[in-house]
Amino acid sequence: FRQLAGTLAQWHLAGAVHGDLKWFNILVQKDGPDFLFSFVDLDRAEIYSSPSILGINKDLRRIYRGGKEFMVEKLIETTFFPAYLSCLPEEIRKQIHVEAIFRIASQEWRDKGRLLYLENESRYQSPVKSGAGLIFRKILKSIGIKNNQG
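Residues numbered from 1 in each chain as written. Predicted model: local features only at pLDDT ≥ 70, side-chain atom pairs only at ≥ 80, totals over all residues. Heavy atoms only, no water.

A word on the packing of aromatic side chains
Applying the stated criterion across every chain, the model contains eight aromatic pairs. On the basis of an interplanar angle of 25° and a centroid distance of 4.4 Å, the ring pair of Y64 and F102 is categorised as stacked. Here F102 lies in helix α5 (residues 98–119) and Y64 lies in helix α2 (residues 53–69), a separation of 38 residues in the sequence. The same class applies to Y64 as to F102, namely buried. The ring of F35 has K30 sitting right over it, with the charged end atom 4.6 Å from the ring centre. (Phe/Tyr/Trp six-rings, centres within 6.5 Å; stacked < 30°, edge-to-face > 60°. Helix = DSSP H or I, 4+ residues; strand = E, 2+ residues; numbered from the N terminus. Buried < 20%, exposed > 50% of the residue type's maximum accessible area, 1.4 Å probe, protein only. Lys NZ or Arg CZ within 6 Å of the ring centre and 35° of its normal.)

Right, here's the structure in full:
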C-alpha cells in the first residue's frame, strides 16, 4: 500500500485526477522487490495545471469506499493514508481532511453500496465473497499484507 500511496501522490501532484478511482481500476505488476501501478479506465480523468484538491478528495473517497467494500478500511486508514499524506508537501497535506474523507466516503457507501444490497438482496453478492473480493485478498496476501478484518 505504501508504494501505491506514493504512486497516487505523484499522480495527484502532477495535476492528474482519475475521477473514477477504485480498486478495479488499478493494475499491479511485480517488479523485483517493488510493484508498478497503472491506472486504467481513464475516461473521467482530468489533468490540471496544479493539484486539484477537489479531485484528490474524490479519488481518496473512492479508495476508502473500496476499502469499506472489501472490509479493509482499517488497513486503508492505518497504512495507505499515512503513506499517501507523507508524500505530499505540507501546503497540500493541510488541505486534505482525512476524517472528512472517511465520513463522506462512509456516507456514500451507505447511500450507494448498501442500497444495492437492500434493493436486491437475493441477487447481490458481496464483493468480499465474490471472485473480485477473492482476487483482492490474494493480491493483499501476495504483497505481504495480512487482513484481519474478515
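Some words on the pairing of strand β2 (residues 26–31)
Two strands pair when backbone bridges link them, and β2 and strand β3 (residues 34–39) are joined in this way by six bridges, in the antiparallel orientation. Paired with V28 across the bridge in β3 is F37. Hairpin connection between β2 and β3: a loop of two residues separates the two successive antiparallel strands, and G32 in this loop has a positive phi of roughly 65°. (Pairing = 2+ DSSP bridges.)

Some details on the nonpolar core
Most often, soluble globular proteins keep nonpolar side chains buried together rather than apart. One finds L60, I76, F80, F81, Y84 and I96 to be the most contacted residues of the largest nonpolar core, which totals 32 residues. Elements supplying a minimum of two residues to this core: α1 (2–13), β3, α2, α3 (73–86) and α5. By residue number, the principal contributor to this core is α3, which donates seven residues. Those residues in contact with L60 that lie beyond four places of it in its chain are L8, F80, F81, Y84, I96 and I101. (Core = buried A, V, L, I, M, F, W, Y, C linked by side-chain atoms within 4.5 Å. Contact = heavy atoms within 4.5 Å.)

Remarks on the packing of α1 against α2
Packing of α1 against α2 brings their axes to within 11 Å, and their N-to-C directions diverge by 155°. Relative to α2, the element α1 is oriented roughly antiparallel. Like other packed secondary-structure pairs, α1 and α2 cross with a definite hand, here right-handed. Touching L8, W11 and H12 of α1 are I56, D59, L60 and I63, all from α2. Split by residue class, the contact of α1 with α2 holds five nonpolar, one polar and one charged. (Axes fitted to C-alpha atoms, helices over the stretch in contact; angles between N-to-C directions. Parallel < 35°, antiparallel > 145°, perpendicular 65-115°, else oblique. Left-handed = near helix turned anticlockwise from the far one by under 90°. Nonpolar A, V, L, I, M, F, W, Y, C, P; charged D, E, K, R; others polar.)

What to know about the side chain of H18
Residue placement: H18 occurs in the loop between β1 (16–17) and β2. Using a relative accessible area of 0% as the deciding quantity, one classes H18 as buried.

Thoughts on the pattern of salt bridges
Evaluated as defined, the whole model comprises seven salt bridges. In this structure, K68 engages E73 in a salt bridge whose closest nitrogen and oxygen atoms are separated by 3.9 Å. Like E73, K68 is buried. Taken together, the salt bridges that share partners define one network made up of D20, K22, R44 and R62. (Salt bridge = Lys/Arg side-chain N within 4 Å of Asp/Glu carboxyl O.)

Structural notes on α1
Every α-helical turn comprises 3.6 residues, leaving residues that sit three or four positions apart pointing alike. Taking 1.5 Å per residue, 12 residues should reach 16 Å; α1 reaches 16 Å between its end C-alpha atoms and fits that length. Here α1 has its buried residues at L4, A5, G6, L8, A9 and H12. After α1 finishes, the residue G15 shows a positive phi value of roughly 95°. (Expected span 1.5 Å × (residues − 1).)

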